[in-house]
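Chain residues, written in single-letter form:
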Amino acid sequence: MISADLSKKILNVGPEFLPPKGGIAQILYNYSQFVFPEKGFRYLSNSCDGNILKKIFKLIVSLIRCVIILAFQRQVKLVHIHTASNFSFKRSAWFVSLAKLFHKKIILHVHGGGFKDYYAKNHARFVRKTLGNCDMIVVLTDAWAEWFRTEVGVDNLRVLPNIIPHPDVCNNGTKDEKKFHLLFLGLINEPKGVFDLVDALASNKEKLEGRLVLHLGGKGEVERLKNEVSTHQLEELVKYEGWVDSAAKHNLFCACDALILPSYIEGLPLSILEAMSYRKPVISTPVGGIPSMIEDGVNGFLIEPGNGAAFIEKIIYLIEHRSECLSMGEVSFDRVKKHFPQSVTDELVDLYESVIG
């Protein structure tokens, strides 16, 4: 855990994270619980759920609060800003400018997988200017660091693993061993590949009924999902779990045999790291930082987005090779240890001390 003396020097800025809904929110919640001392996580939220007026009001209030903190709380030496792309980055740029105005050190922590597309859509100049005002840019994987270095021209880079807690102990007495349980956690939408997966299951319904259950947890296009499940009569194959809180997530990880994430765009998904901590293999795609954690054929499988036939092939392979599924899960656990709290805290302390000087 970071010392109380160091924590007083840090102001974190980012989206609302209570209750944690979504990857960045969960990471920030983990910071507050496992990295910073009790009541020592100085945090300023710059966004919220709700309509556009509520969001604008939240941003204005946050900017005013930021000015007050930076002007009058002289112990704050560094502003750690958590951002993604699109409006998240635009919001973050305001706080970068304020921190620069008050001569504070700035860390911009880039989460999310859509940053390459955002940069390419006529935002390159704005992105470079904003990044140029920062003392350090933090990214999630070596692959992302290489992209920022070669495509954006950024040299002040640091790779910092996403943080996950040690998993709670599972009680496998109620685990269903007759069927293979596959878990998806994330937004229910096209970029996550959810509907590709449902279509692939529908095309292979006879092969999989009685052998497989796909558990889907998350929010998004829920009605569309339910309609497609009903249309294809997949009620025995697909179970929608709704929004999954921490307790339900633990139960699902304990009950499932593998995680699946057929996404088109990702950074480094928290659901993959969490599944690995529960000793699960992962079937996913080689996008974003996923290949840094999942090695094809070693602790899971990597398949090109949209290739439904290949996803079904690997699902059936794991169904028929349960012992290999377990051994892959052990590899997953070994590879995810660097994301546990103490390891990430040590790296974060080193990062803060090196930037503050």
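Residues numbered from 1 in each chain as written. Predicted model: local features only at pLDDT ≥ 70, side-chain atom pairs only at ≥ 80, totals over all residues. Heavy atoms only, no water.

> It is not clear to me how the pairing of strand 9 (residues 238–242) should be interpreted in this structure. Could you clarify?
Put simply, side chains in a regular strand alternate between the two faces of the sheet. The sheet contact formed by strand 8 (residues 212–217) and strand 9 spans four bridges and is parallel. Paired with Leu214 across the strands is Val238, a residue of strand 9. Handedness of the crossover joining strand 8 and strand 9 through helix 10 (residues 222–231) is recorded here as right-handed. (Pairing = 2+ DSSP bridges. Helix = DSSP H or I, 4+ residues; strand = E, 2+ residues; numbered from the N terminus. Right-handed = clockwise from strand over helix to strand, strands pointing away.)

> It is not clear to me how helix 11 (residues 246–255) should be interpreted in this structure. Could you clarify?
Every α-helical turn comprises 3.6 residues, leaving residues that sit three or four positions apart pointing alike. Looking at helix 11, one finds that the buried residues are Lys249, His250, Leu252, Phe253 and Cys254. Lining the buried residues of helix 11 we find helix 2 (23–35), strand 7 (180–185), strand 8, strand 9, strand 10 (258–261) and helix 12 (270–277). (Buried < 20%, exposed > 50% of the residue type's maximum accessible area, 1.4 Å probe, protein only. Contact = heavy atoms within 4.5 Å.)

> Hey, could you run me through the environment of Phe102 in this one?
Here Phe102 is to be found in the loop between helix 4 (87–101) and strand 4 (105–110). The partly exposed category is assigned to Phe102, whose relative accessible area is 25%. In the structure, Phe102 is positioned 32 residues away from Leu70 in sequence and 6.6 Å away in space, judged by C-alpha atoms.

> I keep staring at the pattern of salt bridges and nothing clicks. Help me out?
Pairs can form between side chains of opposite charge whenever their charged atoms are close. By the definition in use, this model includes 14 salt bridges. In this structure, the salt-bridge partner of Lys249 is Glu274, at a minimum N-O distance of 3.2 Å. Note that Lys249 is positioned in helix 11 and Glu274 in helix 12, a separation of 25 residues in sequence. Residue class for Lys249 comes out buried when judged on its relative accessible area of 17%. Between Glu330 and Arg279 there is a salt bridge; the shortest N-O distance is 3.2 Å. Residue Glu330 is found in helix 14 (residues 322–336), and its partner Arg279 is found in the loop between helix 12 and strand 11 (282–284); the two are separated by 51 residues along the sequence. You can call Arg279 partly exposed: its relative accessible area is 36%. Taken together, the salt bridges that share partners define one network made up of Glu190, Glu221, Arg224 and Glu228. (Salt bridge = Lys/Arg side-chain N within 4 Å of Asp/Glu carboxyl O.)

> Whenever I open this one, the packing of aromatic side chains confuses me. Can you help?
Think of a pair of aromatic rings as described by two things: how far the centres are apart, and how the planes are tilted against each other in angle. In this structure the tally under the stated criterion is 18 aromatic pairs. Each member of the aromatic cluster is reached from another via a ring pair, and the members are Phe89, Phe115, Tyr118, Tyr119, Phe126, Trp144, Trp147 and Phe148. Over the ring of Phe333 we find Arg279; its NZ or CZ atom is 3.7 Å from the centre of that ring. (Phe/Tyr/Trp six-rings, centres within 6.5 Å; stacked < 30°, edge-to-face > 60°. Lys NZ or Arg CZ within 6 Å of the ring centre and 35° of its normal.)

> Just checking my understanding: could you explain the packing of helix 8 (residues 194–203) against helix 10 for this structure?
For any two helices packed against each other, the geometry comes down to the angle between their axes and how far apart the axes lie. Between helix 8 and helix 10, the least distance of the axes is 10 Å, while the angle of their chain directions is 5 degrees. Taken together, the axes of helix 8 and helix 10 lie roughly parallel to each other. Judged by residue contacts, Val194, Phe195, Val198 and Asp199 of helix 8 engage Arg224, Leu225 and Glu228 from helix 10. Residue composition of the contact of helix 8 with helix 10, by class: four nonpolar, no polar and three charged. (Axes fitted to C-alpha atoms, helices over the stretch in contact; angles between N-to-C directions. Parallel < 35°, antiparallel > 145°, perpendicular 65-115°, else oblique. Nonpolar A, V, L, I, M, F, W, Y, C, P; charged D, E, K, R; others polar.)

> How should the sheet that holds strand 2 (residues 43–45) be read in this particular structure?
Think of a sheet as strands paired side by side through backbone hydrogen bonds, with each pair either parallel or antiparallel. Reading across the sheet, the six strands line up as 2-1-3-4-5-6 and stay open at both edges, with parallel pairing between neighbours. Among the strands making up the open sheet, the edge pair consists of strand 2 and strand 6 (157–159). Sheet twist, expressed as the average angle between the axes of neighbouring strands with direction ignored, equals 20 degrees.

> I would appreciate a short explanation of the state of the cysteines in the present structure.
By definition, a disulfide links the sulfur atoms of two cysteines through a covalent bond. As enumerated under the stated definition, the model contains one disulfide in all. Disulfide pairing places Cys170 opposite Cys254 at an S-S distance of 2.0 Å. Because the sign of the S-S torsion sets the handedness, a value of about -80 degrees for the bond joining Cys170 and Cys254 places this disulfide among the left-handed ones. Residue Cys170 is located in the loop between strand 6 and strand 7, and its partner Cys254 is located in helix 11; the two are separated by 84 residues in the primary sequence. (Disulfide = S-S within 2.5 Å.)

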